[in-house]
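What follows is each chain in one-letter form.
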Amino acid sequence: MTTHIDEDVIRIEEHYYIRATSSRADGRTRVLKQDDTFGVFDRFGDVLAMGMGEQGVFHQGTRHLSRLELRLGQTRPLLLSSTISEANDTLAVDLTNPDLNGESGGLALQHGVVHLLRSKFLWQGTCYERLVLANYGLAPVALSLTLNFAADFVDIFEVRGTHRQRRGQYLEPELEDGVCVLGYQGLDGVIRRTRLEFHPRPAQLDASVARFAISLEPQAQEQIFLAVRCESGPPAARPLPAGFDESRRALSRSRSAADRSHASVSSGNEQFNQWISRSRADLQMMLSTTPYGLYPYAGVPWFSTVFGRDGIITALQLLWLDPDVARGVLAYLAANQATELDPARDAEPGKILHETRTGEMAALGEVPFGRYYGSVDATPLFVMLAGAYFDRTGDREFLESLWPAIERALTWIDQYGDSDGDGFVEYRRHTETGLVQQGWKDSHDSVFHPDGALAEPPIALCEVQGYVYAARRAAAELALVLGRTDLVERQREAARRLRQRFEEEFWCEELGTYALALDGKKRPCRVRSSNPGHCLFTGIVKPSRAKRVARSLLDSASFSGWGIRTLGSAEVRYNPMSYHNGSVWPHDNAIIAAGFARYGLREAVLQPFEGLFEAATYLDLHRMPELFCGFERRPGEAPTLYPVACLPQAWASGSVYMLLQACLGLSVEARTSVVRFSNPLLPEWLPSVRIYNLEVGRGSLDLLLERHPHDVGVTVLRREGKVGIDITK
């Protein structure tokens, strides 16, 4: 059955479709997040069943609000503007009335007389909203305002498309004095509730509609408040949500404290400032409080939870600015390190977490991701981050507390990661519901041979060998600091052997780069991909081959004009619209740029940096997405968006900081209290960069970096404590 919902939307049975001619077809949504709660709204501030059905207010892996539609009379308002605040914590939507007809059919209210401002934010599991209506006409206005709402309590995996044979039961709605409580008891026995509190009390309130009768004199205003509280477990003993203004002030204080706690960056290019400011705000939004410190949740809407790999890479991107993020990531992952063999979760002793979920399906084991370990690279990346964190902070006390987890990770690398003893770390899944591919490109078809045949496990990815190499070198240095001399040479020698074998088995002379992987029969997947760029980042690449690897990553088959593709365009599985086989990922490009910088390939750094900068100038809110399509850049046109990319995604937001660090050759050494710049370079479009409150040991700096024709000048604007500057050109 086909139903025409309005001029923009068609419903066919239970699926909704947006007409291509509709203003809604641009797919732009507005996202808010605070700790374990996030909201995805359309540009009107509504929640509708559109696109992938990802809109709603979600809390701890469950959608607590699946519908919220505002109507003036029976008609949707007209959209004037829709924006997220610079601090990324408030959605503001300006609306006005369309032509509204009276009961007799004549025009009762001309369009553009009533202004409606919607403001909403999230705080402590509650979505707060204020509606301010103002009459700018010459006569009194009487109209109805309706909010249609629903709560389906579906698990995030259901939203993503997973079908469930059975679900729990909905509870009888509770209505009392301007409050509606919707409830659901899951198969896990947990009762989840959505409490909608309206003020003033609506003229009509039932289990799906709140209707207000609005009367406005000329130049008069009226306010309506709505608080949507997400609850789970026994009836809440904590107080009801605080008021809109009080909660807004608490949120602002929280954000201000976070902004003051770490370094910041500005520049002489306003468009770059918009990109980096949005990235900073996105990262602040993605940071969630855990018992172990701050952790950057991966992305909204699909990955708003702890992911091991994503958290580690985001921490590496931010390490030079804000090492507290790395500390929180390391502490959380150490506390949740696997301690036993559990094939159903791909867990092995010492392995680092892939992801954790808290929804109903995870609790019931319908998906294995309650605490899932199917990631081959998170464990060596964990050791890498531990080494980098100590270099950046000199925090020996934390290192000592972390050392047992580091040793367990090294044992996993030796015993379980390299189960066949050939020196390479490989993977295969141990549960049919687990991930087939367990590197960062975890699509099922992302590892293959030149003829397109999928690689059979166990699979050794090239970049994972780089991570292991860097992890062993980092472990050797940490062991030296802690006096564990028995481990120092053992790890150094293992790294040397791995590097030698890597060159022998992975190098493909005819490609001028390294194989994507070795399959279960040790046959190289001779495919040109972006993965070898990560090998540059880790330092496993033989210096004499670094330029050739860089050349292969920047030629026309790999570089789209916006960035380096995940897969070269000549490969048989290349598809610029795929998730991992031809798309452009900002974090991938940032890591590769850092790899170029490591080998002194300064000019090469500029290409991905410039491509992503120019992409950001086209993007809504200057927000860098998880990925975009890998089509060749066309003059005067924006990059082609990937329709279900997470926005924001933590490691996409962090990419600008790693790109800038690579460009400047910047490193911070707390133990020697030195900030180093190795052959710094700035692109033509970035005349200057200012870094404020860069903490180094017990001191801090404000720096000005200015582009000159052949180098970069560094000026110390403020210095507290004994902090040195070292510039190598």
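Residues numbered from 1 in each chain as written. Predicted model: local features only at pLDDT ≥ 70, side-chain atom pairs only at ≥ 80, totals over all residues. Heavy atoms only, no water.

## A short note on the overall build of the protein
- Helices and strands together make up the secondary structure of the protein, namely 16 helices and 36 strands.
- Since a compact globule built from 729 residues should have a radius of gyration of about 27 Å, the 27 Å found for the protein is in line with a globular shape.
- In terms of overall dimensions, the protein has C-alpha extents of about 85 × 60 × 50 Å along its principal axes.
- Within the span of the protein, comprising 729 residues, buried residues form 59% of the whole.
- Across the protein, the fraction of contacts at a sequence separation of at least 24, relative to all contacts at a separation of at least 6, is 63%.
- Side chains of the protein give 79 positive and 91 negative charges; the mean places of these two sets differ by 4 Å. (Helix = DSSP H or I, 4+ residues; strand = E, 2+ residues; numbered from the N terminus. Rg over C-alpha atoms; globule rule 2.2 N^0.38 Å. Buried < 20%, exposed > 50% of the residue type's maximum accessible area, 1.4 Å probe, protein only. Contact = heavy atoms within 4.5 Å. Lys, Arg positive; Asp, Glu negative; His and termini not counted. Charge placed at Lys NZ, Arg CZ, Asp CG, Glu CD.)

## With respect to the sheet that holds strand 4 (residues 30-34)
- Read across the open sheet, the four strands follow the order 4-5-6-7; overall the sheet is antiparallel. The strands lining the two open edges of the sheet, one partner per strand, are strand 4 and strand 7 (62-65). Going across the sheet, the axis of each strand differs from the next one's by a mean of 25°, ignoring polarity.
- Relative to strand 5 (residues 37-41), strand 4 is paired through five bridges, and the arrangement is antiparallel. Counterpart to K33 in the pairing with strand 5 is F38. (Pairing = 2+ DSSP bridges. Axes fitted to C-alpha atoms, helices over the stretch in contact; angles between N-to-C directions.)

## Focus: the pattern of salt bridges
- Summed over the entire model, instances satisfying the criterion amount to 51 salt bridges.
- Across the salt bridge formed by R192 and D188, the nearest N and O atoms sit 3.0 Å from each other.
- Looking at R192, the relative accessible area reads 7%, which means it is buried.
- Take D188: its relative accessible area is 21%, and that puts it in the partly exposed class.
- One salt bridge connects D486 with R484, and the closest N-O pair in it is separated by 3.2 Å.
- Each of D42, D46, R76, R118, K120 and E129 takes part in a single network of salt bridges with overlapping partners. (Salt bridge = Lys/Arg side-chain N within 4 Å of Asp/Glu carboxyl O.)

## Here we look at the confidence of the model for the protein
- This prediction gives the protein a mean pLDDT of 93; 94% of its residues lie at or above 70.
- Segment residues 1-26: pLDDT under 50, and 45 contacts once partners within four positions in sequence are set aside and those in other chains are kept. (pLDDT = per-residue confidence, 0-100.)

## Brief notes about the environment of E400
- Among the structural elements, E400 can be located in helix 8 (residues 396-417).
- Take E400: its relative accessible area is 42%, and that puts it in the partly exposed class.
- For the pair formed by E400 and L478, sequence separation is 78 residues and the distance between their alpha carbons is 9.5 Å.

## Some remarks on the sheet that holds strand 20 (residues 209-216)
- In spatial order, the strands read 8-15-20-19; together these four strands make up an open sheet with antiparallel pairing. The open sheet has two free edges, formed respectively by strand 8 (67-72) and strand 19 (204-205), since each of these has just one partner strand.
- Sheet topology note: the strand 8/strand 15 (residues 141-150) ladder contains six bridges and is antiparallel. Bridge pairing in strand 15 links R71 to T146.

## Remarks on the nonpolar core
- Of all hydrophobic cores here, the largest spans 179 residues; its most connected members are W275, W320, F382, I406 and F596.
- In terms of residue count, helix 9 (residues 462-481) provides more of this core than any other element does, eleven residues in total.
- In terms of nonpolar packing, the next biggest core, distinct from the first, is built from 43 residues, L95, L116, L143 and A151 among them. (Core = buried A, V, L, I, M, F, W, Y, C linked by side-chain atoms within 4.5 Å.)

## Quick notes on the packing of aromatic side chains
- Counting across every chain of the model gives 33 aromatic pairs.
- An aromatic cluster of at least three residues, connected via ring pairs, comprises F272, W275, F609, F613 and W685.
- Here the basic side chain of R248 rests over the ring of F121, its NZ or CZ set 5.7 Å away from the ring centre.
- Sitting over the face of the ring of F448, R573 holds its NZ or CZ atom 5.8 Å from the ring centroid. (Phe/Tyr/Trp six-rings, centres within 6.5 Å; stacked < 30°, edge-to-face > 60°. Lys NZ or Arg CZ within 6 Å of the ring centre and 35° of its normal.)

## Some remarks on the pairing of strand 23 (residues 287-290)
- As paired elements, strand 23 and strand 24 (residues 293-296) share four bridges and run antiparallel to each other. Bridging from a neighbouring strand, S288 pairs with Y295 of strand 24.
- Following strand 23, the chain reverses through two residues before pairing antiparallel with strand 24.

## Side note on the state of the cysteines
- In the structure shown here, the tally under the stated rule is zero disulfides.
- Note on C127: no disulfide assigned, nearest cysteine sulfur contributed by C230 at a separation of 8.0 Å.
- Residue C230 is classed as buried on the basis of its relative accessible area of 2%. (Disulfide = S-S within 2.5 Å.)

## Re the side chain of T356
- As for its position among the elements, T356 is in strand 25 (residues 355-356).
- Among the polar contacts made by the side chain of T356, one reaches the main-chain carbonyl oxygen of G370 at a distance of 2.6 Å.
- When sequence neighbours within four positions are dropped, the list of residues in contact with T356 reads T305, V306, Y332, F369, G370 and R371. (Polar contact = N/O pair within 3.5 Å; in protein donor to acceptor, adjacent residues only side chain to side chain.)

## Remarks on the pairing of strand 21 (residues 221-232)
- By the bridge criterion, nine bridges tie strand 14 (residues 126-135) to strand 21 in an arrangement that is antiparallel. Counterpart to A134 in the pairing with strand 21 is Q221.
- In this structure, strand 18 (residues 191-199) lies alongside strand 21, joined through eight bridges in antiparallel fashion. Bridging across to strand 21, E197 finds its partner in A227.

## Points about helix 9
- In a regular helix each residue adds 1.5 Å, so 20 residues correspond to 28 Å; helix 9 covers 30 Å between its end C-alpha atoms and thus fits that length.
- Of all 20 residues that make up helix 9, 16 are buried, and the element is covered over most of its length.
- Note on helix 9: the residue one or two positions beyond its end, G483, has a positive phi of about 75°. (Expected span 1.5 Å × (residues − 1).)

## Describing the packing of helix 7 (residues 378-393) against helix 9
- Two numbers describe how helix 7 lies on helix 9: the axes approach to 8 Å, and their chain directions differ by 45°. The orientation of helix 7 relative to helix 9 falls into the category oblique. Between helix 7 and helix 9 lies a crossing whose hand is left-handed. Across from P380, L381, V383, M384, A386, G387 and F390 in helix 7, the residues of helix 9 making contact are Y467, V468, A470, A471, A474, A475, L478 and V481.
- Here the contact of helix 7 with helix 9 is built from residues that sort into 14 nonpolar, one polar and no charged. (Parallel < 35°, antiparallel > 145°, perpendicular 65-115°, else oblique. Left-handed = near helix turned anticlockwise from the far one by under 90°. Nonpolar A, V, L, I, M, F, W, Y, C, P; charged D, E, K, R; others polar.)

## A short note on unusual backbone geometry
- In the segment running from H199 into P200, the intervening peptide bond is cis, with an omega of 0°.
- Tracing the chain through its elements places P200 in the loop between strand 18 and strand 19.
- Backbone torsion omega between P457 and P458 reads 0°, so that peptide bond is classified as cis.
- In this structure, P458 sits in the loop between helix 8 and strand 27 (460-461).
- At Q219, a position not held by glycine, the phi torsion is positive, near 65°.

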